[in-house]
There are 2 protein chains.
Amino acid sequence: MAARATRQQIVDAADDLFYTRGFAATSFADIAAAVSISRGNFYYHFKTKDEILDAVIEKRLADRERLLARWNETATDPARRIECFIRIVIANQTKIMAHGCPVGTLVTELTKLGHASTDNANRIMTLFRDWLTRQFEDLGCGTAALENALHVLSWSQGVATVAQAIGDDAFVRREVDRILQWLEAVRQNATRPH
Amino acid sequence: MAARATRQQIVDAADDLFYTRGFAATSFADIAAAVSISRGNFYYHFKTKDEILDAVIEKRLADRERLLARWNETATDPARRIECFIRIVIANQTKIMAHGCPVGTLVTELTKLGHASTDNANRIMTLFRDWLTRQFEDLGCGTAALENALHVLSWSQGVATVAQAIGDDAFVRREVDRILQWLEAVRQNATRPH
DNA sequence: AAGCTATTAGGACAATCATCCTAATAGACG
DNA sequence: CGTCTATTAGGATGATTGTCCTAATAGCTT
């Protein structure tokens, strides 16, 4: 098999396992078993566990960048783009209720481990923050753009954590409705005065 | 030394280490070293790591129950009580920015580990949920009480996660102002119609 | 077909972990 | 003072971990 393909399989499996079980709780053997290759083969592609982690982070980052680029194309209105972000908690509801937010839980875990790749993982969080900030700027929020971006980001993390902990189906939908109402109010306030 | 005192020291040290480093990343040796006792002595008090975890959960639960009982006494207005809950993210801001929310991060970790004590840890989360629900009921929110309680709980988890990840000082204060404004609006809407 | 390189397999290694056991000690009580 | 029990110390153990090494294989080039 081509090395590229095997490497890709490893990263995909690690991505999934790091999400569902956590980084520290996932062993070399776990990933190798998921891809059905030997640990020796594994070592050929990745020398250390941290290398796999960095590869997974890069993959997640690239995935999210693609997602944001798609939203930039499909939705012309910045409010609609923010709505796309908000609705991912519904689209991924099942997974979120089982394992939380892939971004937030990884950053939290790495921070507690004092892991060197914490800042690296945080790039995904700041990617969303910066993209959201840009959308609120385009909406005409001015200096409040960053504040509003962090508000939405914080909202998503809270919903993910509580959804995972308490597992209330209706809760997620209600929270989405709430934040969408807030977004509409922000949109009207922002576009009116200018 | 009295067995009670040693046991208490172990639980206190484990509580701190589970919070700052995580449950899985904390070893028997780590806790024993923090208390300056031998692993053998350790085993006399706790047979398994899960026993320590359960003891830590009980301690945290008791601590929070005491905290809520104090708020019940010091604040007569339910809105003021909810405000007490909201302000803990400021009171504990330094720790939260370093290690996140003690309750949320533990539940998240245990869920990913598939640990048997996940439900047990979740009792702390539902303790807050139920207490908040009671306050919103007393505020006159009726059927919306639970919904509002989950909203505040979700808010606190989101703030903790983003504060830990991005570490913006002003962010926490702004979010507290925001949610207090929301709380005031809820209070006025709830008390007026009835 | 032959040879070379990229890829894979599988075992060895030391370190760390939770757990368990036995011996030493201390503190209370007769 | 002496005995008994509660408490502590510290090492042994088997399992698991990340990491590393060497040999086998497959796929491409000539």
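Relevant structure appears above.
My aim in this report is to walk through the structure given alongside it, one point at a time. Fair warning: this is a prediction, and the values are worked out from it, not measured in the lab. The numbers attached to residues start from 1 for each chain and follow its sequence in the written order. Naming scheme: in the order in which they are written, chains are lettered from A and ligands are numbered from 1. Local features in this predicted model are restricted to residues whose pLDDT is 70 or higher, and side-chain atom pairs enter the listing and the counts only when it is 80 or higher, whereas totals over whole chains, interfaces and linings include all residues. Note that the side-chain values use all heavy atoms of the structure and ignore hydrogens as well as water.

Moving on, we get to the overall build of chain A. Numbering of helices and strands runs from the N terminus, with a helix taken as a DSSP run of H or I at least four residues long and a strand as a DSSP run of E at least two residues long. Along the backbone of chain A there are 10 helices and zero strands. Note on classification: 1.4 Å probe, protein chains only; a residue is buried when its accessible area is under 20% of the maximum for its type, exposed when over 50%, partly exposed between these limits. The buried share of chain A, reckoned over its 194 residues, is 52%. Whether two residues touch is decided by their heavy atoms; if any such pair falls within 4.5 Å, the residues are in contact. A sequence separation of at least 24 residues applies to 69% of the contacts in chain A between residues at least 6 apart. Residue-level accessible areas treat just the shown protein chains as cover; the underlying method is Shrake-Rupley with a 1.4 Å probe. Summing over all exposed atoms, chain A offers an accessible surface of approximately 9000 Å²; the carbon and sulfur share of this is 49%.

This part takes up the interface of chain A and chain B. Each side of the interface is counted separately: chain A has 39 residues, and chain B has 39 residues. Overall, the association of chain A and chain B removes approximately 3100 Å² of surface from exposure, summing both partners, and the carbon and sulfur fraction of that is 58%. Any Lys or Arg side-chain nitrogen located within 4 Å of an Asp or Glu carboxyl oxygen qualifies as a salt bridge. Across the contact surface, chain A and chain B share four salt bridges. Residue Arg-178 of chain A pairs with Glu-147 of chain B through a salt bridge whose shortest N-O separation is 3.3 Å. Under this definition, polar contacts are N or O atom pairs within 3.5 Å; protein pairs additionally need one hydrogen-donor-capable and one acceptor-capable atom, and for neighbouring residues in sequence, both atoms have to be side-chain atoms. One can count 20 residue pairs in polar contact (both at pLDDT 80 or more) joining chain A with chain B. Put simply, the parts of the chain that give the side of chain A that touches chain B at least two residues each are α1 (3-20), α6 (93-99), α7 (102-113), α8 (118-138), α9 (145-166) and α10 (169-191) of chain A. Element by element, the count of residues in the side of chain A that touches chain B is highest for α9 of chain A, at 15 residues. Looking at the side of chain A that touches chain B, its residues break down into 16 nonpolar, 15 polar and eight charged. Note on definitions: buried area is the accessible-area loss of two parts on being combined, 1.4 Å probe, summed for both. As a working rule, the residues Ala, Val, Leu, Ile, Met, Phe, Trp, Tyr, Cys and Pro are called nonpolar, Asp, Glu, Lys and Arg charged, and the rest polar, with Gly in that last group.

Attention now goes to the protein's contact with DNA strand C. Note on terminology: near, applied to a residue and a molecule or strand, indicates that one of the residue's heavy atoms is within 4 Å of it. Neighbouring DNA strand C are 17 residues, the closest being Ala-3, Gly-40, Tyr-44 and His-45 of chain A together with Lys-49 of chain B. Protein-proximal atoms of DNA strand C, defined as those within 4 Å of the protein, fall in sugar or phosphate at a share of 66%. Tyr-44 of chain A is positioned such that a nitrogen or oxygen atom in its side chain is 2.8 Å from a phosphate oxygen of DNA strand C. Contact distances for DNA strand C include 3.4 Å between a phosphate oxygen and a side-chain N or O atom of Tyr-43 of chain B. Contributing elements (two or more residues each) for the surface near DNA strand C: α1 and α3 (39-45) of chain A together with α3 (39-45) of chain B.

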